[in-house]
Amino acid sequence: MKLYVHIPFCHSKCAYCDFYSTPRREWMEAFVDAAVNEWNLRSEGLTEPVDTLYLGGGTPSSLPTATLDRLLKGLRLDHAPLREATIEANPEDVTPEWVSFIREYTPFRRVSMGIQSFSDSELSLIGRRHDSRRAVDAFRSLREGGIANISCDLIYGLPGQDMESWMRSLSTLIDLRPEHISAYLLSYEQGTRLSAMLQRGKITEADEDLIETMYAHLCKATASAGYRHYEISNFALPGREAIHNSSYWDGSPYIGLGPGAHSWDGHTRSFNPSDLKNYIALNGADTGVREEESRDSLFNDMLITRLRTARGVNIQEITESFGKEIADEFSSQAEPLIKTGMLNVSEAGFITIPENHWLTSNSILLELIRV
């Protein structure tokens, strides 16, 4: 079982972010109480132990270490057979003291750090609190503090970002040699400050040709450095693929705690509403909302998640989950896409979207999903 805990606190809101968070630090202790109670209720009757733990957000590194320690003790995972434990962090929080605490007193041996860019002007535009030097210093603090599995995030397609800037950011990160790189194409989410700036004409969206060139360089540069492109936005050195995050793409069950967190038990999806005040008032109890999904929507979920990956999907698993009729229909729809090179078929029978078409995968998926 995979366990995700959404830490809904940030020092401030980044201009592009639509994840649920609040700066209300005075609610941190009550949140921990509620999250621990939610776990106590939801872990009853679990038939398999937790094998991955992921603290995301928000900004988990914004929690005081004493508060983080209380949360971890409340989750009671000291003896869980954890294959991977990850905590997200922002560079401004990563000090030698913080790293020492993480290394000595928590199960986290993997840190995922949101750098986003090594251009100070780009960082300022999107509301990040660190500069490029702080990001490098934070990475070195992690390494020197004994963190041997580091993932770092970058964003491309930022307003005003040109090819030279993107190449410089990517080169700087590759030279640091993190085990894992996540590189995301900027999306303008409704309600974000960046989206409002775009609508008011204060910034200009990156040109599609530039985005395609950035993506092509990303694929080439990471491959040359020994990284495997195993999911649209994710690259890893051999054996360093994210175990927990892969569960979202391969259909493994997971439990999400905290406001805004989602869960999947293998049959049904549910989510906690993004409302920390209500979550605390209910002490984390009975907050989950079940998402009603039809057979078609579950099939679409499988396609959309599996075809994000280098592994892809095969006919056998479609047949086992949805029956021969749907599997045959998928095969028929996939055949012309295979002939035109929009889909590949491996020797093992897995159907994949080629790397050079991942950036425009939505148009391919529209030909395959059930409506």
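Scroll up to find the structure.
Residues numbered from 1 in each chain as written. Predicted model: local features only at pLDDT ≥ 70, side-chain atom pairs only at ≥ 80, totals over all residues. Heavy atoms only, no water.

Student: Is there a simple way to explain the sheet that holds strand β15 (residues 350-352) in this structure?
Tutor: Hydrogen bonds between backbone atoms are what pair the strands of a sheet, whose relative direction is either parallel or antiparallel. Sheet architecture is open: three strands sit in the order β13-β15-β14, paired in antiparallel fashion. Either end of the sheet is taken by a strand with one partner, and the two such strands are β13 (313-314) and β14 (344-345). The pairing of β14 with β15 spans two bridges and is antiparallel. Residue pairing across strands places asparagine 344 opposite threonine 352, the latter belonging to β15. (Pairing = 2+ DSSP bridges. Helix = DSSP H or I, 4+ residues; strand = E, 2+ residues; numbered from the N terminus.)

Student: I'm lost on the pairing of strand β4 (residues 110-116) in this one. Help?
Tutor: Residues in a regular strand project their side chains so that they alternate between the two faces of the sheet. The buried fraction of β4 is high, at seven of seven residues. Side chains of β4 alternate between two faces, with Arg110, Ser112, Gly114 and Gln116 and Val111, Met113 and Ile115 buried alike. Once you follow strand β3 (residues 84-89) into helix α3 (residues 96-105) and on to β4, the crossover reads as right-handed. Relative to strand β5 (residues 149-156), β4 runs parallel, the two sharing six bridges. (Buried < 20%, exposed > 50% of the residue type's maximum accessible area, 1.4 Å probe, protein only. Right-handed = clockwise from strand over helix to strand, strands pointing away.)

Student: How should I be thinking about the packing of helix α2 (residues 65-75) against α3 in this particular structure?
Tutor: For any two helices packed against each other, the geometry comes down to the angle between their axes and how far apart the axes lie. Between α2 and α3, whose axes approach to 11 Å, the crossing angle comes to 20 degrees. The orientation of α2 with respect to α3, classified from their angle, is roughly parallel. Crossing angle aside, the handedness with which α2 passes α3 is right-handed. Residues Thr65, Leu68 and Asp69 of α2 form the contact with α3, whose own contacting residues are Trp98, Phe101, Ile102 and Tyr105. (Axes fitted to C-alpha atoms, helices over the stretch in contact; angles between N-to-C directions. Parallel < 35°, antiparallel > 145°, perpendicular 65-115°, else oblique. Left-handed = near helix turned anticlockwise from the far one by under 90°. Contact = heavy atoms within 4.5 Å.)

Student: Please explain the pairing of β5 as it appears in this structure.
Tutor: Counting buried residues along β5, eight of its eight residues qualify, which places the element largely inside the surrounding structure. Across the two faces of β5 the burial is the same, with Asn149, Ser151, Asp153 and Ile155 and Ile150, Cys152, Leu154 and Tyr156 all buried. Here six bridges tie β5 to strand β6 (residues 180-185), and the two strands are oriented parallel to one another. Across the sheet, aspartate 153 pairs through a bridge with serine 182, a residue of β6. Chirality of the crossover, the property in question, places the unit of β5, helix α6 (residues 163-176) and β6 among those that are right-handed.

Student: Please clarify how the packing of helix α11 (residues 295-306) against helix α12 (residues 315-322) should be interpreted in this entry.
Tutor: Across the interface, α11 lies against α12 with an axial gap of 11 Å and an inter-helix angle of 155 degrees. Judged by the angle between their axes, α11 and α12 are roughly antiparallel. The hand of the α11/α12 crossing is right-handed. Only Glu317, Ile318, Ser321 and Phe322 of α12 make contact with α11, whose side of the interface consists of Arg295, Leu298, Phe299, Met302, Leu303 and Arg306. Here the residues of the contact of α11 with α12 are counted per class, giving six nonpolar, one polar and three charged. (Nonpolar A, V, L, I, M, F, W, Y, C, P; charged D, E, K, R; others polar.)

Student: Teacher, can you tell me more about the pattern of salt bridges here?
Tutor: Pairing is possible between side chains that carry opposite charge, provided their charged atoms lie close to one another. Taken as a whole, this structure holds 22 salt bridges when the rule is applied. Across the salt bridge formed by arginine 370 and aspartate 296, the nearest N and O atoms sit 2.6 Å from each other. Here aspartate 296 lies in helix α11 and arginine 370 lies in the segment after α14 (361-365), a separation of 74 residues in the sequence. For aspartate 296, a relative accessible area of 26% gives the class partly exposed. Glutamate 317 is paired through a salt bridge with arginine 306; the nearest N and O atoms lie 3.2 Å apart. (Salt bridge = Lys/Arg side-chain N within 4 Å of Asp/Glu carboxyl O.)

Function cannot be inferred from these measures alone, as they are strictly geometric.
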